[in-house]
Amino acid sequence: MIETRVVLVVGATGDLGGRVVDALLARGKRVRVLVREGTDPSRLAAKSVDIARGDMLDPASLERAMRGADVVVTTAAGYTRRRKGDSLEKVDDLGNRNLVDAAKKTGIQRFVFTSILTCDQAPDAPHFWQKKLIEGYLETSGVPFVALRPGAFLGGGSARFFFHPDDVARCLALAVDDPRAAGRRIDLGADRPVSAVELAAILAGLLGRDVRVSLGPARVFKVVGSIGGLFVPALRDMMSTGRYFETGKYVADTRVQAELFGPVPTIEDTAHRMLADLDLAPQAT
């Protein structure tokens, strides 16, 4: 295993990033988090992590944040537009390239990148393809890296892989120092893909009541999106991603996941934990 005195987490104020912080702390790692100006870091500070003020669009701040760190883990995603001004072009492209450049300058031993399942097969889905481009930028930079490619269930009639965020966080935390992960692009998913109808049946079994699937709004969205997508980049991205899902290529090969991170979770267990997150899981009797 590589030495990990300090792990810098980028994206720690988001849901997945916060879970990564918890997973790293559970492993006894010293954690530093990059927090933008204007964002309240008190929730993270309460966990006794180091706070480094900085921005992915400010290269000098990234170099300061990385000094003394051994590993960078990033879950940051601008295409979600969680904060005003975020975008695919600013955060996912320029921001990630700035992170890689700073990692190279400061001698980071490992860069753990949160990518997307089968991103290299989706050139027409902008945020998928952007992940593929950053994987390539990492490889050519010479920075030691690991790219984890989690799947996510997004609805619709075809089969999808999806994965609980706690499992993504656990795998990211394990990837910081496992020598077997070096230089690899690793799919993450549950034990099998499921369609919306299949997932509804699983949820119904867990809840003990019927769960209905409605695809009507999705069809309406396709019609509206085909027009609105001409003018709104985010909507166009969503439409192209939906078309990609229909190709049947969005499938995880979980053999390496099992080799490195342990047993692959079942879809039933994943669904149960998702219900628990929503306080909907049935109580044990």
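The preceding data block contains the structure.
These remarks concern the structure in this document. Note that this is a predicted model, so its numbers are computed, not measured. (Residues numbered from 1 in each chain as written. Predicted model: local features only at pLDDT ≥ 70, side-chain atom pairs only at ≥ 80, totals over all residues. Heavy atoms only, no water.)

### Details of the environment of A200
How we decide: In this text, helices come from DSSP runs of H or I with a minimum length of four residues, and strands from runs of E with a minimum of two, each type numbered from the N-terminal end. It only takes one pair of heavy atoms within 4.5 Å for two residues to be counted as in contact.
With respect to the helices and strands, the residue A200 is situated in helix 7 (residues 196–207). Each C-alpha atom of the pair A200 and R212 lies 6.6 Å from the other, and the pair is twelve residues apart in sequence. Apart from residues no more than four positions distant in its own chain, A200 is found in contact with V211 and V213.

### Structural notes on the packing of aromatic side chains
Two descriptors summarise a pair of aromatic rings, namely the distance from one centre to the other and the angle between the planes of the rings. The cut-off we apply is this: Each Phe, Tyr or Trp ring, with Trp reduced to its six-membered ring, pairs with another whose centre is within 6.5 Å; inter-plane angles below 30 degrees give stacked pairs, above 60 give edge-to-face pairs, and intermediate values give tilted ones. Partly exposed residues are those whose accessible area sits between 20% and 50% of the maximum for their type, while under 20% is buried and over 50% is exposed, using a 1.4 Å probe and protein chains only. When the NZ atom of lysine or the CZ atom of arginine is within 6 Å of a ring's centre and also within 35 degrees of its normal, the charge is said to sit over that ring.
Per the stated rule, a full pass over the model turns up one aromatic pair. Centre to centre, the rings of F128 and Y250 are 6.0 Å apart; their planes meet at 55°, and the pair counts as tilted. Remark: Y250 occurs in the loop between helix 9 (233–245) and helix 10 (255–261) and F128 occurs in helix 5 (residues 126–141); sequence separation between them is 122 residues. With a relative accessible area of 2%, F128 lands in the buried category. The ring of Y137 is capped by R97, whose NZ or CZ atom sits 4.8 Å from the centre of that ring.

### Focus on the packing of helix 3 (residues 59–66) against helix 4 (residues 88–106)
Selection criterion: Note on definitions: angles span 0 to 180 degrees between N-to-C directions of axes, and those axes are lines fitted to C-alpha atoms, for helices only across the stretch in contact. By the definition adopted for this analysis, an angle is roughly parallel if under 35 degrees, roughly antiparallel if over 145, roughly perpendicular if from 65 to 115, and oblique otherwise. Left-handed describes a crossing in which the near helix is turned anticlockwise from the far one by less than a right angle; the clockwise case is right-handed.
In contact at an axis separation of 9 Å, helix 3 and helix 4 are set at 45° when each is read in the N-to-C sense. By the criterion of interaxial angle, the relationship of helix 3 to helix 4 is oblique. When the axes of helix 3 and helix 4 are compared, the crossing they make is right-handed. Contact with helix 3, carried on its side by P59, L62, E63 and M66, involves N98, L99, A102, A103, K105 and T106 of helix 4 and no other residues of that element.

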